[in-house]
Amino acid sequence: MTLPKGFGSGGGGATSADVEKMIGRRVENMTGIITLSYIAAWLATFGGTAAGYFYYPWAYPTPSGHYAFIVLTIVEAIGYLFCVKVMEEGTKKKSNAIVGATLGATAVGTVLISLFVGV
């Protein structure tokens, strides 16, 4: 790989340090921001369905809101899991604990919200 002037050792290919210097922060170190983004998306999903629960109950029945919330949570969880696992592919980083805790917490939160909100 040919590197821009100022990168590399002048001879062969690029090292991972050279690539990191060129493109900035490595994605393997972004588990925290992806986790925060997933939690924000989950809260936004609840906010969207909560508008139906509390402000428009005649147009958006509670069972329909619960169904939408549960399905969207599942879709978001699968996306989050794939993002983190693809991001860490080929590295020695392991984030199973943070992924498990986050998915477990949102699963419990989804069940509790479905049981007690809008009833």
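Look above for the structure.
Peer 1: Would you explain the packing of aromatic side chains in this entry?
Peer 2: The tally for this structure, following the rule as stated, stands at five aromatic pairs. For the pair Tyr53 and Phe54, a centre-to-centre distance of 6.2 Å together with 80° between the ring planes defines the contact as edge-to-face. On the accessibility criterion, Phe54 (52% relative accessible area) is exposed. With 5.7 Å between their ring centres and 75° between their planes, Tyr56 and Trp58 make a pair best called edge-to-face. Accessibility expressed as a relative area gives 48% for Tyr56, which makes it partly exposed. Using a relative accessible area of 67% as the deciding quantity, one classes Trp58 as exposed. An aromatic cluster of three or more residues is present, and its members are Trp42, Phe46 and Phe69.

Peer 1: Would you mind showing me how to read the packing of helix H2 (residues 31-54) against helix H3 (residues 62-87) here?
Peer 2: Pairs of packed helices are described in terms of their axes, by the angle between the two and the distance that separates them. Two elements in contact, H2 and H3, have axes whose closest approach is 10 Å; the angle formed by their N-to-C orientations is 170°. What the angle tells us is that H2 and H3 run roughly antiparallel. Of the residues contributing to the contact of H2 with H3, the split by class is 14 nonpolar, eight polar and one charged.

Peer 1: Mind showing me how you'd approach H3 here?
Peer 2: Since the α-helix packs 3.6 residues into each turn, any two residues three or four apart lie on the same face. An ideal rise of 1.5 Å per residue puts 38 Å on 26 residues; H3 measures up with 37 Å between its terminal C-alpha atoms. Those residues of H3 not exposed but buried are Gly65, His66, Ala68, Phe69, Thr73, Glu76, Ala77, Tyr80, Val84 and Met87. Buried positions along H3 lie against H2 and helix H4 (96-116).

Peer 1: Sorry if this is basic, but what is going on with the packing of H3 against H4 here?
Peer 2: In the contact formed by H3 and H4, the axes pass within 10 Å of each other and the chain directions differ by 175°. Looking at the two axes, H3 sits roughly antiparallel to H4. Contacts between H3 and H4 pair His66, Phe69, Ile70, Thr73, Ala77, Tyr80, Leu81, Val84 and Lys85 from the former with Asn96, Ile98, Val99, Thr102, Leu103, Thr110, Ile113 and Ser114 from the latter. Split into classes, the residues belonging to the contact of H3 with H4 amount to 10 nonpolar, six polar and one charged.

Peer 1: What's the story with the side chain of Thr102 in this structure? I'm lost.
Peer 2: As for its position among the elements, Thr102 is in helix H4. By relative accessible area, which is 9% here, Thr102 ends up buried. Residues contacting Thr102, with those up to four places away along its chain left out, are Thr35, Tyr38, Ile39 and Tyr80.

Analysis parameters
- Residues numbered from 1 in each chain as written.
- Predicted model: local features only at pLDDT ≥ 70, side-chain atom pairs only at ≥ 80, totals over all residues.
- Heavy atoms only, no water.
- Phe/Tyr/Trp six-rings, centres within 6.5 Å; stacked < 30°, edge-to-face > 60°.
- Buried < 20%, exposed > 50% of the residue type's maximum accessible area, 1.4 Å probe, protein only.
- Axes fitted to C-alpha atoms, helices over the stretch in contact; angles between N-to-C directions.
- Helix = DSSP H or I, 4+ residues; strand = E, 2+ residues; numbered from the N terminus.
- Parallel < 35°, antiparallel > 145°, perpendicular 65-115°, else oblique.
- Nonpolar A, V, L, I, M, F, W, Y, C, P; charged D, E, K, R; others polar.
- Expected span 1.5 Å × (residues − 1).
- Contact = heavy atoms within 4.5 Å.

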